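Commentary on secondary and tertiary structure
Here are the chains, one letter per residue:
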Amino acid sequence: MGSMSIWHWIIVAGIVMLLFGRGKISDLMGDVAKGIKAFKKGMAEDEAPTAVPPPSTGEPVRTLPHQGEPATANTVAADRKVI
């Protein structure tokens, strides 16, 4: 009595058909299919590799001290650009 039998599902399907009709349900399923196709296309476009530009060799790499770590003379000197 606690579980849904086949007769319960048939009655529910009949009520849904009366409320929405055959045309609306088929239109709804078509819209769902279009949405899935658009999602897959968007995911395929996101997977395309992006070119990362190489770092410029003219300027040295700057390092920042970690949080809680005091700045030392070496890191401060490395951050300054020599002209």
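If you're wondering where the values come from, they're calculated on a predicted model, not measured in any experiment.

Attention now goes to the overall build of the protein chain. Within the protein chain, the secondary structure is distributed over two helices and zero strands. Taken over 83 residues, the protein chain has a buried fraction of 1%. Surface accessibility of the protein chain: about 8200 Å² in total, with carbon and sulfur atoms responsible for 67%.

Right, let's talk about a nonpolar patch on the surface for a bit. On the surface, Met 4, Ile 6, Trp 7, Trp 9, Ile 10, Ile 11, Val 12, Ile 15, Val 16, Leu 19 and Phe 20 cluster together into a nonpolar patch covering about 1200 Å² of accessible area. Turning to its location among the elements, Val 16 is positioned in helix H1 (residues 6–46).

Let us look at H1. With 41 residues, H1 ought to run about 60 Å at 1.5 Å a step, yet its terminal C-alpha atoms sit only 44 Å apart, falling short of that. Within H1, the axis deviates most sharply at Gly 21, by approximately 85°.

Thresholds, definitions, all that
- Residues numbered from 1 in each chain as written.
- Predicted model: local features only at pLDDT ≥ 70, side-chain atom pairs only at ≥ 80, totals over all residues.
- Heavy atoms only, no water.
- Helix = DSSP H or I, 4+ residues; strand = E, 2+ residues; numbered from the N terminus.
- Buried < 20%, exposed > 50% of the residue type's maximum accessible area, 1.4 Å probe, protein only.
- Areas by Shrake-Rupley, 256 points an atom, 1.4 Å probe, with all protein chains shown as cover.
- Patch = residues over 30% accessible without salt bridge, like charges linked within 9 Å, V, L, I, M, F, W, Y side chains within 5 Å.
- Salt bridge = Lys/Arg side-chain N within 4 Å of Asp/Glu carboxyl O.
- Expected span 1.5 Å × (residues − 1).
- Bend = angle between axes of the 7 residues up to and from the residue.

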